[in-house]
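Given next are the chains, with one letter for each unit.
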Amino acid sequence: MSTFRTVLEFEVTRTLKKRAFWIGALAVPVLIIVIGLIQFLGSQSAQDAEAQLGDSRFAFLYVDESGLVDASVASGAGGTPIDSPEAGVEAVRSGSAEAFFHYPADPATEAIEVAGRHVNAFDDGRYGAVASAVLTESVRAEIGSDELVSIIQGGTRVDAVTYLPDGSVSNVLAAMPVGIVLLALLFLAVVLLGNPVLIATTEEKENRVAEILLTSARPNAVIAAKLVALGIVGLVQVGVILAPVVLGWLLLRDQLRLGELDLSSIVFDPQLVTLGVLILLAGIALYIASLAAVGAAAPSAKDAGGFTFIAIMLPLAPLYAAALIVSQPDSPIVQALTFFPFTAGTTALLRNAVGSLDLWEGVVVIAVLAVAAALMLALAARAFRRGALEYERMLGLRELLRRRR
Amino acid sequence: MTALVEVRGYRQAFGGRTVIDRLEFDVARGETFGLLGSNGSGKTTTLRALLGLIEPSEGRLTIAGSRYRPGGVRVGYLPEERGLYKREPVIDVMVYFGRLKGLSREAAARWSHEWLERMDLAEKAKLALGKLSGGQQQKVQLGVTIMDDPELLILDEPTKGFDPVNQRILMDIVAKQQAKGTTLILVSHDMGQVERLADRILLLKDGRARAYGRVADVRAEFGGKSLNDVFLDVYGAPAVGEFGEVA
């Protein structure tokens, strides 16, 4: 226990002390903040564009072949009708008009042609926005009913209730976001932990520390502590990533126009959550242990690279059959993917999210993943011990599986 | 004297090829034992098997009566392939290994600082090990090897790559450990050094013992020759003429 704790402390502390770790960990939230800001500025600019229709004070010419443009709407926005599209374009080119809109006979299938005087990269977008808005407002005026417009625009609300065979209400749709988040966390772990696991398991060989380390500490304790340390570091990393998201949600919800996102409608189904969390943890454990076995058998992280690709692709592979997994969960292929250890995590989490994973299936998947993770961990420890002195070559599978006295 | 290290019927095979065959020897408590042989004769393999780093194909290799396990007998090992965590601060690496060897954090830190002070490296304690010169890294490595006051000190080609200053430090360490009664296994190509330091030797060739016993007895067995000449007798020195002349 003392060795385990010593290695664990050393591994966690040295990672958290590294500037590179914090740069890497903070890169994601910084990216999220930048994207959020762009979205915020984008939504502001969309709002501005809408507002521009009212106080857009640029004059434009237009030709309406559709017969849908309301003259008073167009006039109110600064438009003057003309007869010839060529004349309209020429007027813009010569500088006598600021913009020209050519509404085709069938705007539903043909594009509105817009010509405008260049102002700058941002303001040039207003011509298209105003051209569309004039047509939309004209149609709205033609219909004459905000209610009908709202219905046509899909602004209707549906409260659907589906019933299970036993007559109880199914909350699959409402619970799905939780399942999807758990699936996303699995992929996050796959992406974030791959490289660190390889570095952690090959570092001693690359630095020629293996002999000194293994005469001072037992390999099982070392490898177990290293993997647990990675888990702890991974949690810190996830925390760093999620912190700005949570802060952003709490502080900037209104500005980011996320107010419509009603989290209260999400249902936390106890079975879905429990199965999902356990499948996620067991899936991550199997993934880490598998990569550790590969890393421990390889002389360097670089040499393990090819095998790593396979280890990363296996959890992702079921996504290619996502449609089949969702629509035909009982098909033999989906059943095989559900219970094959290296695809079980993704498949079971996806099925769990859409409510097609039975309780017994979930329990079996957790057991399969946990047993596979334990076996892979034992294999990783064996590879760490037997491969510790293999500075030049990859340890063969046969050597790894052979029992020794 | 009782044996601290016992090797009985040791055979080591890799991929079906036997590299060490029926090896038997003891190392008594408190003695300095020279393990000799040319490159590839099986010295390092024997030490690795003794320390449980590789599993023997046959035979029994024990330290204090049982197979070596970390946490048992205190062993200081300076391997031929040596290195430490280059990106970590010197003091962190030393304390880490001290704790793995069973010292408390405080004791490991105190010992490490004292060692660095003695080696004129006190101001480098917080630097990444990789930023130290090769010679300074060797000093740190030596400190890690002896920091838990080992009962058995195993030095595999200890002077390999060491500059003269560090060779001197190493010899001081060896002398102090001998005076304290530490058991010492020394693997070296420097026959003069072994002759000066070792009580007994084992000379390996192709994985088999070719000479074993007290230094004086081995020399007598070979007609009073020096260990260097004994080595040349066992391995055979090719005459320069065999290589022919460059046209």
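### So, the pairing of strand β3 (residues 99-103) of chain A
All names here are of chain A.
And step 1. Summarising burial for β3: five of the five residues are buried, a large majority.
And step 2. In β3, alternate side chains face the same way, and those of A99, F101 and Y103 on one face and F100 and H102 on the other are all buried.
And step 3. As paired strands, strand β1 (residues 60-64) and β3 are joined by five bridges and run parallel to one another. Note that in β3 the partner of L61 across the bridge is F100.
And step 4. Direction of pairing for β3 relative to strand β4 (residues 113-116): antiparallel, over a ladder of four bridges. The partner of H102 across the bridge, within β4, is E113.

### Some thoughts on empty space enclosed by the protein
Residues and elements named next belong to chain B.
And step 1. Under the defined criterion, the tally for this structure stands at one cavity of 30 Å³ or more.
And step 2. By volume, the largest cavity is sized at about 40 Å³.
And step 3. Considering the residues around the largest cavity, the lining is formed by V7, F25, F33, L35, T46, L47, L50, L61 and I185.
And step 4. Secondary structure elements with two or more residues in the lining of the largest cavity: β3 (32-37) and α1 (43-50).
And step 5. Take the lining of the largest cavity: its biggest share by element is three residues, from α1.

### Focus on the interface of chain A and chain B
And step 1. Facing the 27 residues of chain A at the interface are 31 residues of chain B.
And step 2. Overall, the association of chain A and chain B removes approximately 2900 Å² of surface from exposure, summing both partners, and the carbon and sulfur fraction of that is 53%.
And step 3. The interface formed by chain A and chain B includes six salt bridges.
And step 4. Counting across the chain A and chain B interface gives ten residue pairs in polar contact (both at pLDDT 80 or more).
And step 5. When residues of the side of chain A that touches chain B are traced back to their parent elements, those giving at least two are α1 (2-16), α7 (172-206), α8 (210-216) and α15 (359-386) of chain A.
And step 6. Of the residues belonging to the side of chain A that touches chain B, the class tally is nine nonpolar, five polar and 13 charged.

### Some words on α1(A)
And step 1. Taking 1.5 Å of rise per residue, 15 residues should cover 21 Å, and α1(A) covers 21 Å from first to last C-alpha, within 8% of that figure.
And step 2. Listed in full, the buried residues belonging to α1(A) are T6(A), V7(A), L8(A), F10(A), E11(A), V12(A) and R14(A).

### With respect to the pattern of salt bridges
And step 1. Under the definition given, this model contains 24 salt bridges over all chains.
And step 2. Note that E11(A) and K226(A) form a salt bridge whose closest N and O atoms lie 3.2 Å from each other. Of this pair, E11(A) sits in helix α1 while K226(A) sits in helix α9 (residues 219-252), and the two are 215 residues apart along the sequence.
And step 3. Owing to a relative accessible area of 1%, K226(A) belongs among the buried residues under this scheme.
And step 4. One salt bridge in this structure joins R48(B) and E211(A), with 2.9 Å as the shortest N-O distance. In this pair, R48(B) sits in helix α1 while E211(A) sits in helix α8, so the two residues belong to two different chains. Just as R48(B) is buried, E211(A) falls in that class too.

### Quick notes on the confidence of the model for chain B
And step 1. For chain B, per-residue confidence averages 88 on the pLDDT scale, and residues scoring 70 or more make up 95% of the total.
And step 2. For this predicted complex, the interface confidence reaches an ipTM of 0.86, while the overall pTM sits at 0.73.

### Looking at the domain arrangement of chain B
All names here are of chain B.
And step 1. As far as domains go, chain B holds domain 1 (1-74 + 150-161 + 179-247) and domain 2 (81-148).
And step 2. With nine residues of domain 1 at the contact, the number on the domain 2 side is six residues.
And step 3. In total, domain 1 and domain 2 occlude about 560 Å² of area from one another, counting both sides; carbon and sulfur atoms represent 43% of this.
And step 4. Our enumeration of links across domain 1 and domain 2 arrives at zero salt bridges.
And step 5. Where domain 1 meets domain 2, there are three residue pairs in polar contact (both at pLDDT 80 or more).
And step 6. Across the side of domain 1 that touches domain 2, the residue classes break down as three nonpolar, one polar and five charged.

### What to know about the side chain of R48(B)
And step 1. Given a relative accessible area of 16%, R48(B) falls into the buried group.
And step 2. Discounting chain neighbours no more than four positions away, the residues touching R48(B) are E211(A), L389(A), Y391(A), L53(B), I54(B), Y77(B) and E81(B).

### Considering the sheet that holds β4(A)
The strands making up a sheet are joined through hydrogen bonds of the backbone, oriented either antiparallel or parallel.
All names here are of chain A.
And step 1. Ordered in space as β2-β1-β3-β4, the four strands form an open sheet in which the pairing is mixed. With one partner strand each, in any of the chains shown, β2 (79-81) and β4 form the two edges of the open sheet. Taking each pair of neighbouring strands and ignoring which way they run, the sheet shows an average axis angle of 20°.
And step 2. The sheet strands contacting helix α4 (residues 85-94) are β1, β3 and β4, and the helix crosses β3 at an angle near 160°.
And step 3. Sheet contacts for helix α5 (residues 125-143): β1, β3 and β4; angle to β3, the most-contacted strand, approximately 45°.

### Points about a negative patch on the surface
And step 1. On the surface, a cluster of negative charge is made up of E65(A), D106(A), E110(A) and E113(A).
And step 2. When you line up the elements, E113(A) lands in strand β4.

### Let's talk about the packing of helix α10 (residues 270-297) of chain A against helix α14 (residues 341-353) of chain A
Residue and element names in this part refer to chain A.
And step 1. Following both chains from N to C, one finds α10 and α14 inclined at 160°, their axes separated by 9 Å at the closest point. Relative to α14, the element α10 is oriented roughly antiparallel. Once α10 is placed against α14, the crossing between them reads as left-handed. In this structure, α10 uses L272, L275, G276, I279, L280, L286 and S290 to contact α14, whose residues at the interface are P341, F342, G345, A348, L349, N352 and A353.
And step 2. Taken together, the residues of the contact of α10 with α14 sort by class into ten nonpolar, four polar and no charged.

### Observations regarding the nonpolar core
And step 1. Of all hydrophobic cores here, the largest spans 145 residues; its most connected members are I63(B), F97(B) and I185(B).
And step 2. The element contributing the most residues to this core is α10(A), with 15 residues.
And step 3. In this structure, this core is formed jointly by two domains, domain 1 (1-74 + 150-161 + 179-247) and domain 2 (81-148) of chain B, each of which donates at least three residues.
And step 4. Not counting chain neighbours up to four residues away, the residues in contact with I63(B) comprise L4(B), V5(B), L50(B), L51(B), Y68(B), V73(B), V75(B) and L152(B).
And step 5. One finds A77(A), F101(A), Y103(A) and A131(A) within the second-largest nonpolar core, a separate group that totals 14 residues.

Conventions we followed
Residues numbered from 1 in each chain as written. Chains lettered and ligands numbered in written order. Predicted model: local features only at pLDDT ≥ 70, side-chain atom pairs only at ≥ 80, totals over all residues. Heavy atoms only, no water. Buried < 20%, exposed > 50% of the residue type's maximum accessible area, 1.4 Å probe, protein only. Helix = DSSP H or I, 4+ residues; strand = E, 2+ residues; numbered from the N terminus. Pairing = 2+ DSSP bridges. 1 Å grid on protein atoms, 1.4 Å probe; cavity = no way out; pocket = protein on both sides within 12 Å on 5 of 7 lines; lining within 4 Å. Points joined across faces, edges and corners; volume = space filled by probe spheres on them. Contact = heavy atoms within 4.5 Å. Buried area = accessible area lost by both parts, 1.4 Å probe. Salt bridge = Lys/Arg side-chain N within 4 Å of Asp/Glu carboxyl O. Polar contact = N/O pair within 3.5 Å; in protein donor to acceptor, adjacent residues only side chain to side chain. Nonpolar A, V, L, I, M, F, W, Y, C, P; charged D, E, K, R; others polar. Expected span 1.5 Å × (residues − 1). pLDDT = per-residue confidence, 0-100. Domains from an automatic or database assignment. Axes fitted to C-alpha atoms, helices over the stretch in contact; angles between N-to-C directions. Patch = residues over 30% accessible without salt bridge, like charges linked within 9 Å, V, L, I, M, F, W, Y side chains within 5 Å. Areas by Shrake-Rupley, 256 points an atom, 1.4 Å probe, with all protein chains shown as cover. Lys, Arg positive; Asp, Glu negative; His and termini not counted. Charge placed at Lys NZ, Arg CZ, Asp CG, Glu CD. Parallel < 35°, antiparallel > 145°, perpendicular 65-115°, else oblique. Left-handed = near helix turned anticlockwise from the far one by under 90°. Core = buried A, V, L, I, M, F, W, Y, C linked by side-chain atoms within 4.5 Å.

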